[in-house]
Amino acid sequence: MFFAVSSLRLQLARIVPGTFGRACESTLAASETAASSSGPRLVTYPYFIHRTRFQSLPVYTNLKNNKQIRLTTVRRIEGNLEALRADMSKALGDSSIQIVKASRQLVIKGDRAGEVRAWLTQSGF
C-alpha cells in the first residue's frame, strides 16, 4: 500500500509540478492589493489549508447534543496550528478556538462557517 501511494505521489508530482513539498504560501487577489501596482502579492504563512478534491474549503458545521450545540471545524491543515488559531481568533474576534492535535483540526464554538470561509478566501486560501 505504501509503495502504491508513494508512486502515485511521484506521478502526480510529475504531472503537476510544485504540488508536493510546497511552501505554505498564498496569493491575495488583485482587488485586495489595489495599493500595489505590481498585481497580486505573495504572502507567506506558517500554515496552509488544503482544499478538498472538489476545490472547496474544508470548513464544516457539526451538530451535537440533539442539535443544541453547533461547532465549526476546519480540517486539512498543514503547518503551525497555533499561528492559525491566533490569526483566526484575531480575525473573528473570538477566543473559543480549540486545537485537536491528533487530527490537526481547529474547532470553533458556534456556527461560524460562513465567516471562516470568508476569512480564508480573503487570506488567499
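Residues numbered from 1 in each chain as written. Predicted model: local features only at pLDDT ≥ 70, side-chain atom pairs only at ≥ 80, totals over all residues. Heavy atoms only, no water.

*Asks:* What is the right way to look at unusual backbone geometry in this model?
*Replies:* Among all residues except glycine, the phi angle is most often negative; among peptide bonds, the trans geometry is most common. A positive phi angle, near 65°, is found at Q55, a position not held by glycine. Take Q55: it is sitting in the loop between β3 (47-49) and β4 (59-64). Here Q55 falls in the exposed class, since its relative accessible area comes to 55%. Backbone geometry places N65, a non-glycine residue, at a positive phi of 55°. Secondary-structure assignment places N65 in the loop between β4 and β5 (69-74). (Helix = DSSP H or I, 4+ residues; strand = E, 2+ residues; numbered from the N terminus. Buried < 20%, exposed > 50% of the residue type's maximum accessible area, 1.4 Å probe, protein only.)

*Asks:* Would you take a moment to explain the pattern of salt bridges for this structure?
*Replies:* Pairs can form between side chains of opposite charge once their charged atoms are near each other. Per the counting criterion, the structure on display carries 3 salt bridges. Salt-bridge contacts for R85 lead to E82; the nearest nitrogen and oxygen are separated by 3.3 Å. Of the two residues, R85 and E82 both sit in helix α2 (residues 81-92), 3 residues apart, roughly one turn of that helix. Put simply, R112 and E115 hold a salt bridge, and the shortest N to O gap is 2.9 Å. Salt bridges sharing partners connect three or more residues here, namely D94, R112 and E115. (Salt bridge = Lys/Arg side-chain N within 4 Å of Asp/Glu carboxyl O.)

*Asks:* How do you make sense of the confidence of the model for the protein when you look at a structure like this?
*Replies:* Residues shown with low pLDDT carry predicted positions that ought not to be read at fine detail. Overall, the prediction assigns the protein a mean pLDDT of 79, with 68% of residues at 70 or greater. A low-confidence stretch, residues 1-23 stays under pLDDT 50, and its non-local contacts, those more than four residues away or across chains, total 8 contacts. Note on residues 29-36: pLDDT is under 50 here. Beyond four places in sequence and across chains, it has 5 contacts. (pLDDT = per-residue confidence, 0-100. Contact = heavy atoms within 4.5 Å.)

*Asks:* For this particular structure, what's the right way to read the packing of aromatic side chains?
*Replies:* Centre distance and the angle of the planes are the two values used to describe a pair of aromatic rings. Taken as a whole and assessed by the stated rule, the structure comprises 4 aromatic pairs. A ring pair is formed by Y45 and Y47, whose centres lie 5.3 Å apart and whose planes are at 25°; its orientation type is stacked. Ring centres of Y45 and F125 lie 5.3 Å apart, and the angle between their planes is 35°; this geometry places the pair in the tilted category. In this pair, Y45 sits in the loop between β2 (42-44) and β3 while F125 sits in the segment after α3 (113-123), placing the two residues 80 residues apart along the sequence. A single burial state applies to Y45 and to F125, both of which are buried. An aromatic cluster of three or more residues is present, and its members are Y45, Y47, F48 and F125. In this structure, R75 packs its charged tip against the face of Y60, placed 4.4 Å from the ring centre. (Phe/Tyr/Trp six-rings, centres within 6.5 Å; stacked < 30°, edge-to-face > 60°. Lys NZ or Arg CZ within 6 Å of the ring centre and 35° of its normal.)

*Asks:* How should the sheet that holds strand β8 (residues 105-109) be read in this particular structure?
*Replies:* Where strands meet in a sheet, backbone hydrogen bonds hold them as pairs that are either parallel or antiparallel. Taken together, the 4 strands give an open sheet; going across it, the order is β4-β5-β8-β7, and neighbouring strands pair in antiparallel fashion. Unpaired on one side and paired on the other, β4 and β7 (97-100) mark the two borders of the sheet. This sheet shows a mean twist of 30° between the axes of neighbouring strands, independent of strand direction. In terms of strand pairing, β7 meets β8 through 4 bridges, oriented antiparallel. Note on β8: the bridge partner recorded for Q98 is V107. Set on the sheet, α3 makes contact with β4, β5 and β8; between it and β4 the angle comes to about 165°. (Pairing = 2+ DSSP bridges. Axes fitted to C-alpha atoms, helices over the stretch in contact; angles between N-to-C directions.)

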